[in-house]
Amino acid sequence: MQETRFPKSFLWGTATSSYQVEGCIENNDWHEWETSKERVDFLKSGGKNPESYINDKACNSYNLYEKDFDLAKKLGSSAYRFSIEWARIEPQKGKFNEKEIEHYKKVIKALRRRKLEPFLTCYHFTLPAWLSREGGWLNPKALDYFERYVRKLSESFHDVTFWITINEPMVLAYKSYLQGQWPPQESSIPKALKVVKNLVEAHKRAYKIIHEHSAREAGISHSMIDFQGLLWIYDYIYNFYFLDRINDYQDFIGLNYYARKRIPKTKKIERSDMGWAIWPKGIYHSLKRLARYGKPIYITENGIADYTDRKRGRYIIEHLKNVHKALKEKVD
């Protein structure tokens with residue numbers, strides 16, 4: 001068997017979002033949505049237990065992060081992507097919680113002690129409840145609020161090099177403002193387009209603030225789907241529309257890749273527990289296509305929902321083979 005070697009400088013890591021792992025965040029829009037009477041009644045009507053769909057303590061990473069990082073180090077990691085919870089930092093409009101700032105400083109120091117490179121995400125889907133009540137990303141003032149929040153982070157975490165301003169802006173616009181599946185559960189093309197426009201501007205402002213301090217790199221984490229068949233318009237809007245508008249305001253591209261979509265559908269293809277088509281070649285295709293921007297690419301998310309763990313090993317290996325193929329073809 002031919003051995004596959006990655007460059008010594010290649011970063012190996014794991015990625016989390018604050019709301020999914022920290023637990024006990026009660027003053028943001030997702031918690032209010034999860035615990036709302038409307039959603040609880042909806043789950044009950046489908047025979048589901050509402051408590052199973054409420055974040056609560058999650059895996060308590062807020063308190064167990066040191067042990068988490070020890071495990072990451074044992075896995076051979078050299079980087080760790082995480083997000084700051086806006087609702088912790090600014091629980092009330094214009095009032096910052098210095099205790100929570102100190103908490104995240106300790107998190108960053110714990111990473112540094114283990115020689116894990118921090119990749120800090122400013123915004124990963126969840127909004128403070130006060131901002132949600134003011135209209136969230138539909139409110140033009142959200143740009144000013146985000147600018148103020150990012151400035152606070154930028155001034156507080158001086159020793160972080162890699163900054164991700166926004167996680168998956170197109171996914172947020174689609175899920176929350178077009179499909180209506182996530183809070184605030186809007187279903188409006190004009191509203192979705194307005195949100196995308198505001199997120200583009202929010203990123204640009206954040207980028208400028210982050211670069212007020214030297215030796216920093218900033219970008220977004222961008223979800224890509226390997227669209228195949230009769231889906232060219234979806235391919236452009238989902239995969240390239242946002243990147244085309246921020247290209248002069250990114251030092252790198254963060255790629256989140258999980259699956260492909262095809263029309264006509266392929267009947268026999270292995271899928272994850274999410275129902276997503278397992279397609280390792282798609283990560284190679286995505287990397288090659290992103291190379292057009294001439295920016296370094298970091299894979300900021302990839303993985304599989306696999307309750308039994310029977311598919312995970314093969315999934316990781318096959319995706320890494322395709323990453324290595326792109327590396328051999330000079331994709332940075």
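The sections below set out a description of the structure shown in this document. Values in this document were obtained by computation on a predicted structure and should not be read as measured data. (Residues numbered from 1 in each chain as written. Predicted model: local features only at pLDDT ≥ 70, side-chain atom pairs only at ≥ 80, totals over all residues. Heavy atoms only, no water.)

With respect to the side chain of E34
Within the fold, E34 resides in helix α2 (residues 29–34). Put simply, E34 is tucked away with no salt bridge, and the nearest opposite charge, on R39, sits 5.8 Å away. (Helix = DSSP H or I, 4+ residues; strand = E, 2+ residues; numbered from the N terminus. Buried < 20%, exposed > 50% of the residue type's maximum accessible area, 1.4 Å probe, protein only. Lys, Arg positive; Asp, Glu negative; His and termini not counted. Salt bridge = Lys/Arg side-chain N within 4 Å of Asp/Glu carboxyl O.)

A look at helix α4 (residues 61–74)
Since the α-helix advances by 3.6 residues per turn, residues separated by three or four positions end up pointing in the same direction. When the terminal C-alpha atoms of α4 are compared, their 17 Å separation across 14 residues is substantially less than the 20 Å that a helix rising 1.5 Å per residue should span. Residues S61, Y62, Y65, F69 and A72 constitute the buried set of α4. (Expected span 1.5 Å × (residues − 1).)

Topic: the sheet that holds strand β2 (residues 79–83)
The seven strands lie next to each other as β1-β2-β3-β4-β5-β6-β7, forming an open sheet whose pairing is parallel. Two strands in the sheet have a free side with no partner beyond their single neighbour: β1 (13–15) and β7 (297–301). Adjacent strand axes in the sheet meet at a mean angle of 30° when their direction is disregarded. Pairing of strand β6 (residues 253–263) with β7, which is carried by four bridges, proceeds in the parallel orientation. Opposite G254, over in β7, you have Y298 as the bridge partner. The sheet contacts of helix α10 (residues 189–210) involve β4 (162–167) and β5 (217–229), and relative to β4 the element is tilted by about 165°. (Pairing = 2+ DSSP bridges. Axes fitted to C-alpha atoms, helices over the stretch in contact; angles between N-to-C directions. Contact = heavy atoms within 4.5 Å.)

Details of a nonpolar patch on the surface
A surface patch of nonpolar side chains, amounting to about 560 Å² of accessible area, comprises W232, I233, Y234, Y236 and I237. Topologically, I237 is positioned in helix α11 (residues 232–239). Classification of I237 as partly exposed rests on a relative accessible area of 41%. (Patch = residues over 30% accessible without salt bridge, like charges linked within 9 Å, V, L, I, M, F, W, Y side chains within 5 Å. Areas by Shrake-Rupley, 256 points an atom, 1.4 Å probe, with all protein chains shown as cover.)

Regarding the packing of aromatic side chains
Tallying each qualifying case throughout the model produces 27 aromatic pairs. Their ring planes at 80° and their centres at 6.3 Å tell us that Y236 and Y241 sit as a pair that is edge-to-face. You can call Y236 partly exposed: its relative accessible area is 33%. Since its relative accessible area comes to 26%, Y241 is described here as partly exposed. Where Y258 meets W276, the ring centres are 5.5 Å apart and the plane angle is 55°; that geometry is what we call tilted. Separated by 18 residues along the polypeptide, Y258 in strand β6 and W276 in the loop between β6 and α13 (281–290) bring together distant segments of the chain. On the basis of relative accessibility, which here comes to 23%, the residue Y258 falls in the partly exposed class. Classification of W276 as partly exposed rests on a relative accessible area of 36%. (Phe/Tyr/Trp six-rings, centres within 6.5 Å; stacked < 30°, edge-to-face > 60°.)

Side note on the nonpolar core
If you look at the biggest cluster of nonpolar residues, it comprises 80 residues, and the most contacted ones within it are W86, W137, F146 and F157. Sequence-distant contacts of W86, defined by excluding residues within four places in its chain, comprise Y123, L127, P128, W130, L131, W137, Y145, F146 and Y149. (Core = buried A, V, L, I, M, F, W, Y, C linked by side-chain atoms within 4.5 Å.)

As for the packing of α13 against helix α14 (residues 312–328)
Running from N to C, α13 and α14 cross one another at 25°; their axes reach a closest spacing of 7 Å. Classified by the interaxial angle, the pair formed by α13 and α14 is roughly parallel. Along this stretch, α13 crosses α14, giving a crossing that reads as right-handed. Along the contact surface, α13 presents K281, I283, Y284 and L287, while α14 presents H319, N322, V323, K325 and A326. For the contact of α13 with α14, the class distribution of residues is five nonpolar, two polar and two charged. (Parallel < 35°, antiparallel > 145°, perpendicular 65-115°, else oblique. Left-handed = near helix turned anticlockwise from the far one by under 90°. Nonpolar A, V, L, I, M, F, W, Y, C, P; charged D, E, K, R; others polar.)

Some details on the packing of α4 against helix α6 (residues 98–113)
Where α4 contacts α6, the two axes come as close as 10 Å, and the packing angle between them is 5°. Looking at the two axes, α4 sits roughly parallel to α6. Only E100, H103, K106, V107, A110, L111 and R113 of α6 make contact with α4, whose side of the interface consists of Y62, Y65, E66 and F69. Here the contact of α4 with α6 is composed, by residue class, of six nonpolar, one polar and four charged.

What is shown is where atoms sit, not what they do.
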